[in-house]
Amino acid sequence: MGGDGAGDGWGERFLEELIARAHSATPMDVPALVNRCAEAFGLKEIVIYLTDLQQRRLVPLTEGLPPLDIDSSLAGWCYRTVSLRIEELETGALCVWLPVVDGAERLGVLGVHSASMNAKRLRRCRMLAGILAMAITSKRAYSDSFARRARTEPMQLPAEMLRAYLPPRTIGNTHVVSTAVLEPAYEIGGDAFDHSLTQSTLHAAILDAMGHNLASGLTTSVALAACRNARRAGAGLLDLVETIDKSLAQWLPDQYCTGILSQLDLASGVLSWCNGGHPPPLLIRDRRVVDGALERTAQPPMGLPARFSDEPRTIHQMTLEPGDRVLLYTDGVTEARTASGGEFGMDRFTDSIILATAAGELAAESLRRLIHSILDGSDSHLRDDATLLLIEWWPPDA
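Residues numbered from 1 in each chain as written. Predicted model: local features only at pLDDT ≥ 70, side-chain atom pairs only at ≥ 80, totals over all residues. Heavy atoms only, no water.

An unreviewed UniProt entry lists the protein under the name Serine/threonine-protein phosphatase, from Streptomyces melanogenes.

Student: Describe the packing of helix H7 (residues 214-232) against helix H8 (residues 237-251), and please don't skip the residues or the numbers.
Tutor: Remark: H7 packs on H8, axes separated minimally by 8 Å, with the N-to-C direction vectors making an angle of 140°. With respect to each other, H7 and H8 are oriented oblique. Between H7 and H8 lies a crossing whose hand is right-handed. Note on element contacts: H8 touches H7 through Leu 240, Thr 243, Ile 244, Ser 247 and Leu 248, opposite Thr 219, Val 222, Ala 223, Ala 226, Cys 227, Ala 230 and Arg 231. Along the lines of polarity and charge, the residues of the contact of H7 with H8 split into eight nonpolar, three polar and one charged. (Axes fitted to C-alpha atoms, helices over the stretch in contact; angles between N-to-C directions. Helix = DSSP H or I, 4+ residues; strand = E, 2+ residues; numbered from the N terminus. Parallel < 35°, antiparallel > 145°, perpendicular 65-115°, else oblique. Left-handed = near helix turned anticlockwise from the far one by under 90°. Contact = heavy atoms within 4.5 Å. Nonpolar A, V, L, I, M, F, W, Y, C, P; charged D, E, K, R; others polar.)

Student: Run through empty space enclosed by the protein, naming residues and quoting values.
Tutor: A water-sized probe, rolled over the atoms, reveals where empty space remains. On inspection of all chains with the given rule, the structure shows three cavities of 30 Å³ or more. Of the volumes computed, that of the largest cavity is approximately 50 Å³. Forming the boundary of the largest cavity are Asp 194, His 195, Ser 196, His 203, Ala 204, Ala 205, Cys 227, Arg 231, Leu 237, Leu 240, Leu 261 and Ser 262. Within the residue set of the lining of the largest cavity, elements represented by two or more residues are strand E9 (191-197), strand E10 (201-209), H7, H8 and strand E11 (257-265). (1 Å grid on protein atoms, 1.4 Å probe; cavity = no way out; pocket = protein on both sides within 12 Å on 5 of 7 lines; lining within 4 Å. Points joined across faces, edges and corners; volume = space filled by probe spheres on them.)

Student: So what about the pattern of salt bridges? Which residues, and what values?
Tutor: As enumerated under the stated definition, the model contains 15 salt bridges in all. Of the charged contacts, one joins Glu 160 and Arg 151 as a salt bridge, the two residues approaching to 2.8 Å between their closest N and O atoms. Residue classification places Arg 151 among the partly exposed positions, given a relative accessible area of 29%. Among the salt bridges present, the one from Arg 369 reaches Glu 361, with a minimum N-O distance of 3.0 Å. Owing to a relative accessible area of 24%, Glu 361 belongs among the partly exposed residues under this scheme. (Salt bridge = Lys/Arg side-chain N within 4 Å of Asp/Glu carboxyl O. Buried < 20%, exposed > 50% of the residue type's maximum accessible area, 1.4 Å probe, protein only.)

Structure below.
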């Protein structure tokens, strides 16, 4: 790998070599591999920054460099908007910031230092960012290196167990996005989310187990496993909930969890959901919360009907409009305590949603802003897990 290169032949050979090396590299070999690419591209240096668990900082994989604040740096602007940004350094050189994204999941950014930048080099940097996203996603599944970099404090055991079961924070395509956050990030006990995307349907769920300990985490883990097992066997929405009911009753008869399981038809925008003793979803339309739009009579928590009732579960439906967002949340959000001893409450939660979505940002960024506005309030703190899952839908012809 040397020189700026010329012609399609060089590009093809370089791409082949890069993919082969990325495939065989260990996670912490990646920074060295990237800097060999910098030399081949005629660049000074390339640094990978990954977001921390709470999406507050961008942490470099290169030793000795400081982390960057997501809310106040140009690198953070690149992460927040998933857009390229170029700045001139005091030395006169350029720093190009490129987002590192796996599908809809924001992983971090790439900082490229160069004396100059042209279209060819920029294309190659974009290619490198795409390859790195795939390499990082595959390697973090079996290595602790990236997980350690993403953490700023010790992880409690219930949180470690639950996070092992969670899917990527954000999934989606050009028509739908599902994105979620959990807090307190290192101490969650019984909250979890799940989402999965097929060619025609988005499946999304939010769960909140009784209590805040290892048993709570085990309850949620069993519920997640039961849901996925039934879903992957082709079960419908009612069967998914019934499977969770029976699994909890069989394996954890003294435990239960509340939750919402939902399916969104990507072509029609029809949202179907079943509510097991959980706070109702919120509909956000034109950057405002539509009062009571998705409120329905809640049914018993999951794990209870199999023991105490033969009443069938009810499926609710509503057709979304283009650009609608649906927010699922656990009661730890509205039950956060204020300095005066009262609850954060639904009104303040709604106000926070409006402020977080007013800028018209990406769904994942709106959710990041929302959870931080709740956590950073001078007179509020969480006393229970707080989980948010946000869905945004656009029709295929939009």
